[in-house]
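Each chain is listed here by its residues.
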Amino acid sequence: MARKPAAADEAIFALRLQRSAPDLWPMLDALYGHRPDYAAFCDRLLDTLRKGWADRPDDLRLLDLKRDLEPDWFQRSDMAGYVFYIDRFAGDLRSVLDRLDYLEDLGIRYVHLMPCLKPRPGDSDGGYSVMDYRAINPAFGTMADFEALAAALRARGMALCVDLVLNHTAKEHAWAKKAAKGDAAYQDYYLMFDTPDLPDQYERTLVEVFPDNAPGNFTHYPDFGKWVWTTFNEHQWDLNWANPQVFLEIVDIMLFLANRGVDVLRLDAVAFMWKRMGTRCQSEPEVHMILQALRACSRIATAAVLHLEEAIVAPAEMLPYLGKGAHDGREGNLAYHNSLMVQFWSALATRDTRLMTYVLGTHFPDRLTNATYATYIRCHDDIGWAVTDEDAGALGFSGPAHRAFLSDFYDGTYPGSFARGALFQMNPVTGDKRVSGTFASLAGLERALADGDRTGIDMAVQRIVLGHALIASFGGIPLIYMGDEIALLNDYSYRNSPDHAHDSRWIHRPRMDWDAVANLGDARSPGARVFAETKRILARRRETPGLHAGHPTRIVATGVTGVFAFQRVAPTGVILGLFNFTEGWLQVPESWARAQGVSRMMDALSEYPVQSHAGQIVLPPYARVWLT
Ligand code: GLC
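This structure is a prediction, so every number in the text was calculated from the model and none was measured.

Summing up its helical and strand segments, the protein chain has 23 helices and 26 strands in all. For 628 residues, the compact-globule formula gives about 25 Å, and the C-alpha radius of gyration of the protein chain, at 24 Å, lands near that figure. The proportion of buried residues among the 628 residues of the protein chain is 62%. Long-range contacts, defined here as pairs at least 24 residues apart, represent 72% of the contacts in the protein chain between residues at least 6 apart. Accessible surface for the protein chain amounts to roughly 23200 Å². Of this, 53% is attributable to carbon and sulfur atoms. Seen as two clouds, the 64 positive and the 78 negative side-chain charges of the protein chain have centres 4 Å apart.

Side chains of Leu62, Leu65 and Leu69 sit close together on the surface and give an oily, nonpolar patch of about 340 Å² of accessible area. Relative to the helices and strands, Leu69 resides in helix 3 (residues 58-69).

Below, the discussion takes up the sheet that holds strand 7 (residues 192-193). Strand order in the open sheet made by the 3 strands is 7-9-8, with antiparallel pairing throughout. Unpaired on one side and paired on the other, strand 7 and strand 8 (218-221) mark the two borders of the sheet. Looking at chain direction, strand 7 and strand 9 (residues 226-229) are connected through 2 bridges and run antiparallel. By the bridge assignment for strand 9, Met192 is matched with Val228.

The strands making up a sheet associate through backbone hydrogen bonding, with each pair oriented either parallel or antiparallel. Pairing in this closed barrel of 8 strands is parallel, and the strands run 1-2-5-11-12-13-14-17 around the ring. Between one strand axis and the next, the sheet turns by 25 degrees as a mean value, whatever way the strands run. By the bridge criterion, 5 bridges tie strand 5 (residues 159-165) to strand 11 (residues 264-268) in an arrangement that is parallel. For Val165, the partnering residue across the bridge sits in strand 11 and is Asp268. Against the sheet, helix 7 (residues 143-155) contacts strand 2 (110-113) and strand 5, and its axis sits at roughly 140 degrees relative to strand 5.

The next point concerns the state of the cysteines. Inspection of every chain in the model, using the stated rule, returns 0 disulfides. The structure places no disulfide on Cys116, whose sulfur is separated from the nearest cysteine sulfur, that of Cys161, by 9.4 Å.

In the structure shown here, the tally under the stated rule is 47 salt bridges. We note a salt bridge from Arg56 to Asp64, for which the minimum N-O separation is 2.8 Å. Each member of the pair, Arg56 as well as Asp64, carries the same accessibility label: buried. In this structure, Asp238 and Lys275 form a salt bridge, with 2.7 Å as the shortest nitrogen-oxygen distance. With a gap of 37 residues between them, Asp238 in strand 10 (residues 236-238) and Lys275 in the loop between strand 11 and helix 12 (285-301) connect regions that are remote in the sequence. The same class applies to Asp238 as to Lys275, namely buried.

With that out of the way, let us pick up the nonpolar core. In this structure, Tyr82, Trp241, Phe247, Trp345 and Tyr410 are the most contacted members of the largest nonpolar core, which totals 192 residues. It is helix 20 (residues 454-473) that provides the largest number of residues to this core, a total of 11 residues. Setting aside chain neighbours within four positions, we find Tyr410 in contact with Trp345, Leu348, Ala349, Trp385, Phe418, Ala419, Arg420, Gly421, Val435 and Leu442.

Turning next to the site of the ligand. Close to the ligand lie Asp125, Tyr128, His168, Phe210, Phe232, Gln236, Arg266, Asp268, Glu310, His380, Asp381 and Arg505, which account for all nearby residues. His168 places a polar side-chain atom, nitrogen or oxygen, 3.0 Å from an oxygen atom of the ligand. The contact in question runs from an oxygen atom of the ligand to an N or O atom on the side chain of Arg505, over 3.1 Å. Against a free-state accessible area of 310 Å², the protein chains account for coverage of 94% of the ligand. Among the residues forming the shell around the ligand, the class breakdown is 3 nonpolar, 3 polar and 6 charged.

All chains considered together, the criterion is met by 47 aromatic pairs. Between Phe84 and Phe89, the aromatic rings sit 4.2 Å apart at their centres with planes inclined by 35 degrees, giving tilted as the arrangement. The class of Phe84 is buried, set by a relative accessible area of 0%. One aromatic cluster is present, formed by Phe344, Trp345, Trp385, Phe405, Phe409, Tyr410, Tyr414, Phe418, Phe439 and Phe581 through successive ring pairs.

So, about helix 22 (residues 526-542). Here helix 22 spans 24 Å end to end across 17 residues, near enough to the 24 Å set by a 1.5 Å rise per residue. Residues Pro526, Gly527, Ala528, Val530, Phe531, Thr534, Ile537, Leu538, Arg540 and Arg541 constitute the buried set of helix 22. Contacts made by the buried residues of helix 22 are with helix 6 (100-106), helix 19 (445-451), helix 20, strand 17 (477-481) and strand 26 (624-627).

Between helix 14 (residues 338-350) and helix 17 (residues 399-411), the least distance of the axes is 10 Å, while the angle of their chain directions is 80 degrees. Relative to helix 17, the element helix 14 is oriented roughly perpendicular. In this structure, helix 14 contributes Trp345, Ser346, Leu348, Ala349 and Thr350 to the contact, and helix 17 contributes His402, Phe405, Leu406, Phe409 and Tyr410. Residues of the contact of helix 14 with helix 17, tallied by class, amount to 7 nonpolar, 3 polar and no charged.

About the cut-offs
Residues numbered from 1 in each chain as written. Predicted model: local features only at pLDDT ≥ 70, side-chain atom pairs only at ≥ 80, totals over all residues. Heavy atoms only, no water. Helix = DSSP H or I, 4+ residues; strand = E, 2+ residues; numbered from the N terminus. Rg over C-alpha atoms; globule rule 2.2 N^0.38 Å. Buried < 20%, exposed > 50% of the residue type's maximum accessible area, 1.4 Å probe, protein only. Contact = heavy atoms within 4.5 Å. Areas by Shrake-Rupley, 256 points an atom, 1.4 Å probe, with all protein chains shown as cover. Lys, Arg positive; Asp, Glu negative; His and termini not counted. Charge placed at Lys NZ, Arg CZ, Asp CG, Glu CD. Patch = residues over 30% accessible without salt bridge, like charges linked within 9 Å, V, L, I, M, F, W, Y side chains within 5 Å. Salt bridge = Lys/Arg side-chain N within 4 Å of Asp/Glu carboxyl O. Pairing = 2+ DSSP bridges. Axes fitted to C-alpha atoms, helices over the stretch in contact; angles between N-to-C directions. Disulfide = S-S within 2.5 Å. Core = buried A, V, L, I, M, F, W, Y, C linked by side-chain atoms within 4.5 Å. Near = heavy atom within 4 Å. Polar contact = N/O pair within 3.5 Å; in protein donor to acceptor, adjacent residues only side chain to side chain. Nonpolar A, V, L, I, M, F, W, Y, C, P; charged D, E, K, R; others polar. Phe/Tyr/Trp six-rings, centres within 6.5 Å; stacked < 30°, edge-to-face > 60°. Expected span 1.5 Å × (residues − 1). Parallel < 35°, antiparallel > 145°, perpendicular 65-115°, else oblique.

In structure tokens, the structure reads:
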């Protein structure tokens, strides 16, 4: 009997709408229900969703079904991500195709192409100042190239993540240009003021994101007589999410990108999307309502797509992005585990894991609903030392002093530091300083190589491997940042580039070193050692289903200052992660490990029984063990 595709399509859309309607309409009612144009807005939104579904290619509809049947696909232990700049990694989109074997060999199943939509000309904040969300950056290729890459990834079972900046557009975006010409409808897409009075009032409670090179949160444009909200750089104009037209436009763009083959939308700078006088204008409740509603829209029209919400904020503020609280199970599928990253660096510098144990054990639930962390050690941004005064105080030390210590340690000025990094912005009010640098340089490799210090080189390699073993087992999708798998060092050449010199984050955005990759056969080089170990970690992760992100992660205190530990509580038994954050030999009692639920004393990472002596598990410098 012949199928009736149209009728079946309608029925599927109706089912998906029914499934997600309770997640969608209450949010929109609360955000926009008071407006006279609300009913018309709802109709237009439904049309947009219907059209998104109607345009969905067959292979992606099949993927929707596959992921409906396997909703935990992104939580499984075979997932591992890789994050790269298209030009710095491969040149352009077509050339990325030639590098997929390399990524697959490393064990990668998810790639995040750093900003690839059409940016403004000149300095574009690394591509986060977008002038056209429906076009690919011409320097990287065309939309056809993009779709070809998406299809190639899909054929290999690899997911594709791209950035969608929600907080702002470039001032060169068509909407912004119309606004600057005086079009009132488009001025309402942004936050524009006729006088500096309101901006001044807001400014009293706002913080500065780029205090050095883009101070203040507003920009005055005398040519059209407005003060425009510009949280980040002058060329990045904040969108007005209180205007439902903005919501509609963005949904339309989301579905457009999803239908080109995007699996994961990395929603950039989401914390800043809602403004409220007298607050920091970050993570206001409406932000979460918008994000839940956007998530519902994806689930209705392009169900395979996940949302990764980028909010680099303190633990209590971050968890709601993963749905914790009122939006449980209905908001971001993924969010960065910024605290894990910061605590890794803090424990490495102090050789003391107590703060890490306290923060990760106290503030984070042992599992999340329909969501997981993106775990990482480095990314394209700086490291902000997000340790609260309360948490530092709980361990008996001062927050400001610890944060100052960390920035001095990692910019390399602290006596005895192994690191080499660069300062990134300093907040004159709080005195807080952020740091840039590659994983390898911050972990000590650059300095040790310069000093010809063979032990130092060895220790740096071990620190990098420790980090990769940590993010591969903690629970979540481990994201390897381009070049960290071969221990790339800081790239100082950004200082000679007029568009980059003001922004030290370019120090850790080097070009991929394919010559080094060609020489990975030289097993003694630090890069080759890191590569082999990282590949092995991802392979062992794949073979260890107990590391599934859905299984609880429980932080446990070892009683040994230098050793961090957690249990992954799988139905098949506990996996006990042990990590030595020091360059010394340490031990933990076997009896203690048994009390944590492990019995075989096998290390699932090395595939050997753990080294044990007189009832003590022996942990060499920077040891990482997945004990079963
Ligand atoms: C995000 C990006 C960062 C960018 C900012 C503004 O935080 O990760 O690189 O500068 O958004 O778009």
